[in-house]
Amino acid sequence: MSAASCLLTEDQVLCSICLDVFTDPVSIPCGHNFCKACITEHWNVNVPYQCPNCKKLFYSRPELQVNTFISEMAAQFRQSAQQKASSSEQQAAKPGEVPCDVCTGTKLKALKSCLVCLDSYCETHLEPHLTRSGLKRHQLIDPVENLEGRMCTKHDKLLELFCKTDQMCVCVLCTYSDHKNHDVVPLKEEYEGKKAELGKTEAEIQQMIQKRRVKIDEIKHSVELSEEDADRKIAEGVQVFTALKESVERSQAELIDTIKEKQRKTEKQAEGFIKELEQEICELKKRSTEVVQLSCSEDHLHLLQSFMTLNAAPPTKNWTGVRVSPPSHEGTVRRAVNQLEETLSKHMKKLFEAELKRVQQSAVDVTLDPNTAHPKLILSDDGKQVKHGDVTKNLPNNPERFDSCVSVLAKQSFSSGRFYYEVQVKGKTGWYLGVIRESINRKGVITPTPQNGYWTIWLINENKYFALTVPPVRLSLKSQPQKVGVFVDHEEGLVSFYDVKSAALIYSFTGCCFTEKLYPFFSPCNNDGGKNSAPLIISPVNHTE
């Protein structure tokens, strides 16, 4: 029996009605075999009685008897198939995979789903669809669940068309009812179109991915450059502070040596005085002994003869005006600190020169915008100079123009990164310079503070400089700037002003929050009867050496 079963093909033990291994197989007069339940149900529905395979008609319903031989062969085949399935665990349907609808017991992983049968089949139960001519015409697709969802719920027909008008899948009968006269195409045609769109979308997505990878590389490169810059700044800082530390230590040592040297001279002087005094004391003690001895003598002649020599004191120095005054250290520490300050100033100057040189690398070309200029301002043709005139020009009062504050903005605006420009202020007794945000109020009285969108410094009365914060900060400058550099780091929230000639920092606004475009801001202030007639001049940047 076992040997015989090995010669059977799977096709010989499958019922052509249920497509499963025979259960209670019966043979009908034409010689074909079916499951008893399958053929019984088939004949209960279809009259006259006909063989489902060869279509032979039987005028009387054949009596059905279980074919024990085929039954035994089918049972053994089923057992062999189950053993094979159980020994191949990788074929068993895992969570998320589509199981075979025909398998009993352990459900194997389905390889295909049939859109006609509305079932999914494993390798074993798929065989009839690959070998039988009638089943070969069925449409097989990759295994999917919920095959019922591929049927029209209204007509119980396969969804094989697509209504472009309503953008939905329909069956053939739908085109005669709800979707009559609509733009309907075969499902495959719409599938190809949508697939092409998906291909285009995928290409766009890949392009977006590539752009983001490039951006990642750009960001990484920026981080590397930032790290290199940070290392350079750390090295520079360590070098500067090391030099400062050495200067402080050297100044401290020199101060200590100076004070100690004065102390040593004082001690040496005191030692000389003490030695001289001790010698005189020794002489006086000696004379005292002689006087005592003489006073005890009973020899009248000896006492009188010796009295004249012993009565006079030995030669000594007049110590009344002799003093050892502690050395004066007044000014010693101050002079040492002043010297250290000079050294520090030299280092600071070098630092500011290096800093100015770096910010000058962000120089931009700036020109004045006549549409924003106050009517009393006079602009040069090249847009590089502005001064105050005494005549109010008849200009349109457009929203961009200042109507009270004698100011003008640059044409250029900046919303990211860094920028730097220089303005000559030579010969002026008053001016405002800085940057403003785009939405500032340009009409009426203006209070130029960071809260109102102004980051500016102000010169008033020739030598009074202020940073216009709340409250204003009076600036102490060693010299009057002839040219002012303005530097902005948008991301850092920094606005710095420099005296270009001395390479000194005038003032920095830090921790600023820039949420809008920034415009360079210029105000030459009033003419002041000709005292302040010099123009503000936007100058080309000559990089410091």
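Here is a short report on the structure shown in this document. Here the structure is a predicted model, which is why all the values come from computation and not from measurement.

1. Digging into the nonpolar core
Ranked by internal contacts, the top residues of the largest apolar core, which has 35 residues, are Trp431 and Phe522. For Trp431, the contacting residues outside a window of four places in its chain are Val425, Ile457, Trp458, Leu459, Tyr465, Val484, Ser523, Pro524, Cys525 and Leu536. Within the second largest apolar cluster, 19 residues are counted, among which are Phe22, Ile28, Phe34 and Ile70.

2. Considering the sheet that holds strand S16 (residues 454-460)
Strand order in the open sheet formed by six strands is S13-S22-S15-S16-S17-S18, with antiparallel pairing between adjacent strands. Edge strands, defined here as strands with exactly one partner in the open sheet, are strand S13 (408-409) and strand S18 (473-475). In this structure, strand S15 (residues 431-437) lies alongside strand S22 (residues 518-523), joined through six bridges in antiparallel fashion. Bridged to Ile436 within S22 is Tyr519.

3. Focus on the packing of aromatic side chains
Evaluated as defined, the whole model comprises 13 aromatic pairs. Both rings, one in Phe273 and one in Trp319, keep their centres 5.9 Å apart while their planes meet at 85 degrees; by these two values the pair is edge-to-face. In this pair, Phe273 sits in helix H6 (residues 187-295) while Trp319 sits in the loop between helix H7 (300-311) and helix H8 (332-359), placing the two residues 46 residues apart along the sequence. For Phe273, a relative accessible area of 19% gives the class buried. With a centroid separation of 6.0 Å and 40 degrees between ring planes, the pair formed by Trp458 and Phe466 is classed as tilted. For Phe466, a relative accessible area of 18% gives the class buried. Through a chain of ring-to-ring contacts, three or more aromatic side chains come together here, namely Trp43, Tyr49 and Phe58. When the ring centre of Trp319 is taken as origin, the NZ or CZ atom of Lys317, which lies over that ring, is 4.7 Å away.

4. Let's talk about the sheet that holds strand S23 (residues 536-539)
Taken in spatial order, the seven strands of this open sheet run S11-S12-S23-S14-S19-S20-S21, and their pairing is antiparallel. Edge positions in the sheet fall to strand S11 (377-379) and strand S21 (504-509), since each of these pairs with one other strand and no more. Ignoring which end each strand starts from, the neighbouring axes of this sheet average 20 degrees apart. Where strand S19 (residues 483-489) lies against strand S20 (residues 494-499), six bridges are found, and the strand directions are antiparallel.

5. What about H8?
With 28 residues, H8 should reach 40 Å at 1.5 Å per residue; the first-to-last C-alpha distance of 40 Å fits that figure. Where the residues of H8 are buried, they touch H6, strand S14 (418-424), S19, S20 and S21.

6. Overview of the state of the cysteines
All told, the structure shown has zero disulfides when counted by the stated rule. As a non-bridged cysteine, Cys100 has Cys103 as the owner of its nearest cysteine sulfur, 3.6 Å distant. Given the relative accessible area of 1%, Cys100 is considered buried.

7. Observations regarding the pattern of salt bridges
Enumeration over the complete set of coordinates arrives at 14 salt bridges. Ionic pairing is found between Glu276 and Lys317, a salt bridge with its closest N-O pair at 3.8 Å. Taken together, the positions of Glu276 in helix H6 and Lys317 in the loop between H7 and H8 put the pair 41 residues apart, joining distant regions of the chain. Glu276 sits in the partly exposed class, given a relative accessible area of 29%. Across the pair Asp365 and Lys384 runs a salt bridge, and its minimum N-O distance is 2.6 Å. With a gap of 19 residues between them, Asp365 in the loop between H8 and S11 and Lys384 in the loop between S11 and strand S12 (385-388) connect regions that are remote in the sequence. With relative accessibility at 56%, the residue Asp365 sits in the exposed group. Overall, the relative accessible area of 18% leaves Lys384 in the buried class. Because the salt bridges share partners, they merge into one network encompassing Asp229, Arg232 and Lys233.

Conventions we followed
- Residues numbered from 1 in each chain as written.
- Predicted model: local features only at pLDDT ≥ 70, side-chain atom pairs only at ≥ 80, totals over all residues.
- Heavy atoms only, no water.
- Core = buried A, V, L, I, M, F, W, Y, C linked by side-chain atoms within 4.5 Å.
- Buried < 20%, exposed > 50% of the residue type's maximum accessible area, 1.4 Å probe, protein only.
- Contact = heavy atoms within 4.5 Å.
- Pairing = 2+ DSSP bridges.
- Helix = DSSP H or I, 4+ residues; strand = E, 2+ residues; numbered from the N terminus.
- Phe/Tyr/Trp six-rings, centres within 6.5 Å; stacked < 30°, edge-to-face > 60°.
- Lys NZ or Arg CZ within 6 Å of the ring centre and 35° of its normal.
- Axes fitted to C-alpha atoms, helices over the stretch in contact; angles between N-to-C directions.
- Expected span 1.5 Å × (residues − 1).
- Disulfide = S-S within 2.5 Å.
- Salt bridge = Lys/Arg side-chain N within 4 Å of Asp/Glu carboxyl O.

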